[in-house]
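# Architecture and fold: a report
In case you want the letters, here they are:
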Amino acid sequence: MRTILLPLAIALLFSPLDMARESPAAAPPPTPPDIIVRARALIDGTHGEALRNAEIVIRGNRILEVRTAGASAPPPGAQVIDLGDVTVLPGLIDCHTHIFLQGEDPAAGGYDVQLLKYPASYRAARAVVAARRALEQGFTTIRDLETEGAGYGDVGIKQAINDGYIPGPRMFVVTRAISTTGGYNLEGYAPEIEVPKGAQLIDGPVEARKAARQQLDHGADWIKVYMTHRSWLDEQGALVSQPTLTVEELKAIVDEAHGWRRKVACHAYSGIGLQRALDGGCDSIEHGLELTDAQIAQMLKQGTWLVPTLAVYYYDPDPPETASGKRDRKRVEVHVVSFRKALHAGVKIAFGTDVGGFPWTDPIAQEFVREVELGMTPMQAIQSATSRAAELLGKRGELGVVAPGALADLVAVPGDPLADVALLQKVSFVMKDGVVFKGQTRVMP
Ligand SMILES: [Zn+2]
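Here the structure is a predicted model, which is why all the values come from computation and not from measurement. (Residues numbered from 1 in each chain as written. Predicted model: local features only at pLDDT ≥ 70, side-chain atom pairs only at ≥ 80, totals over all residues. Heavy atoms only, no water.)

### Describing the coordination of the zinc ion
Working reference: metal with six octahedral donors, ideal angles 90 or 180 degrees; metal with four tetrahedral donors, ideal angle 109.5 degrees. Surrounding the zinc ion are the protein donor atoms His96 (NE2), His98 (NE2) and Asp354 (OD), at 2.0 to 2.2 Å. Donor residues for the zinc ion sit on one chain with the sequence pattern H-x1-H-x255-D. Here Asp354 lies in the loop between β17 (348-349) and α11 (366-373) and His98 lies in the loop between β6 (92-97) and α3 (110-116), a separation of 256 residues in the sequence. Look at Asp354 and you get buried, because its relative accessible area is 11%. (Donors = N, O, S within 2.8 Å, 3.2 Å for Na, K, Ca; no water. Helix = DSSP H or I, 4+ residues; strand = E, 2+ residues; numbered from the N terminus. Buried < 20%, exposed > 50% of the residue type's maximum accessible area, 1.4 Å probe, protein only.)

Shown next, in the form of structure tokens:
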């Protein structure tokens, strides 16, 4: 090989390409002007208090400087966006979304028709709308936790956003998700009929590792695993969740994902499956409806994140006298207790909603209200969707913070969300990557 490469290297040294490089270069494209965003208050995502009369200097897609307004003259040619009486925050992050779900109405066929009757293109078109809805509501980053039978559709949507063809948040995608035989929908059809499944089903550590490899190979940023499936109440009225993967199966997935420097999110409600999720070394527990004190201690020891998704469990419970209705109410009851215990124990909590489980037309930010109702301060709730969420995503300092060097993702809400966290449902201005997506603003020369 060396004898072939050496003459090639010599040829390249004197190539016409090299000569061309020395000739006068074409004029570089004009640099876009710096942008200065001014606002009455700034919550930067990490500090405990808001900065009054803030000014954020943006160059390209990064934040250059954060200072008090008027402290120094704007850079020459800078464009000033004065947002007035608003609070600016880092672009919000939802760590648990489903752009391929639309809060399916059971009366309209529910989940099953998505997989049985809709062309992939129809589902993708709706996912494009969902992605836009996230950005409109100020969520500039999402971790989208599986496509529910739409294969690798999330990879394509993410690419189309990144390439600028459609508006949407930055996406961390998981592709198909993994469960076991008997561990995911579609279910309840005649055994003679082969129906599609909403996740990739595996049995045994070999298949588990292979599924993780396939998903990582095709663009998964995270791996999502369903560690519990059905849930019901036992004779004593306690919540029971059907476990799915064994510890060995999960360990094979976690080992594979960690080798790729990727992380594993585990859907886990309670009981055996949740315990296996922790013993198998999963990085984030999704939902965590019922956490024992020992499990909370294990999460603290292992540094496991909790993404509680509180709001979705208040949606459409079945009638109270039915078995599923009692089950639905029990879920909320134990979830509230678990969340409070985890919060007080100091478990790392990141904001996630399961939106898609409820319609994308509803406010994603309703989750902040639930977090505060259950004991978070408004600032803790905001940080769960900014700096804390960025930490979960391995993007500390780059996302979820308004500070020099961070990506220029900003949102604004009227008034003071520390006084009324529900104001986060009224995002009036959205900038992603230094580009204004939403908000008619006064631009001063
Ligand atoms: Zn989910």
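### What about the sheet that holds strand β7 (residues 139-144)?
Hydrogen bonds along the backbone pair up the strands of a sheet, which may run parallel or antiparallel. Spatially, β6-β7-β8 is the arrangement adopted by the 3 strands of the open sheet, whose pairing is parallel. Of all the strands in the sheet, the pair left with one neighbour each is β6 and β8 (170-173). Between one strand and the next, the sheet's axes are offset by a mean angle of 15 degrees, whatever the strand orientation. Note that β7 and β8 share 4 bridges and pair parallel. Residue pairing in the sheet places Arg143 in a bridge with Phe172 of β8. (Pairing = 2+ DSSP bridges. Axes fitted to C-alpha atoms, helices over the stretch in contact; angles between N-to-C directions.)

### So, helix α10 (residues 323-345)
Under the 1.5 Å per step criterion, the end-to-end length of α10 is 33 Å for 23 residues, consistent within 8% with the ideal 33 Å. Within the sequence span of α10, burial applies to Gly325, Arg327, Asp328, Arg331, Val332, Val334, His335, Val336, Ser338, Phe339, Ala342 and Leu343. (Expected span 1.5 Å × (residues − 1).)

### A closer look at the packing of aromatic side chains
According to the stated counting rule, one finds 6 aromatic pairs in the structure shown. The interplanar angle of 25 degrees and the centroid separation of 5.6 Å between the aromatic rings of Phe139 and Phe351 together place this pair among those described as stacked. Separated by 212 residues along the polypeptide, Phe139 in strand β7 and Phe351 in the loop between β17 and α11 bring together distant segments of the chain. Comparing Phe139 with Phe351 shows no difference in burial state: the two are buried. Centroid distance Phe351 to Phe368: 4.4 Å. Interplanar angle 35 degrees. Geometry classified as tilted. Taken as a pair, Phe351 in the loop between β17 and α11 and Phe368 in helix α11 lie far apart in primary sequence, 17 residues in all. Residues Phe351 and Phe368 agree in their burial class; the two are buried. One aromatic cluster is present, built from ring pairs that chain together Phe139, Phe351 and Phe368. Lying across the ring of Trp222, Arg143 places its NZ or CZ 4.5 Å from the centre. The aromatic ring of Tyr314 is capped on one face by Arg370, whose charged end is 3.6 Å from the ring centroid. (Phe/Tyr/Trp six-rings, centres within 6.5 Å; stacked < 30°, edge-to-face > 60°. Lys NZ or Arg CZ within 6 Å of the ring centre and 35° of its normal.)

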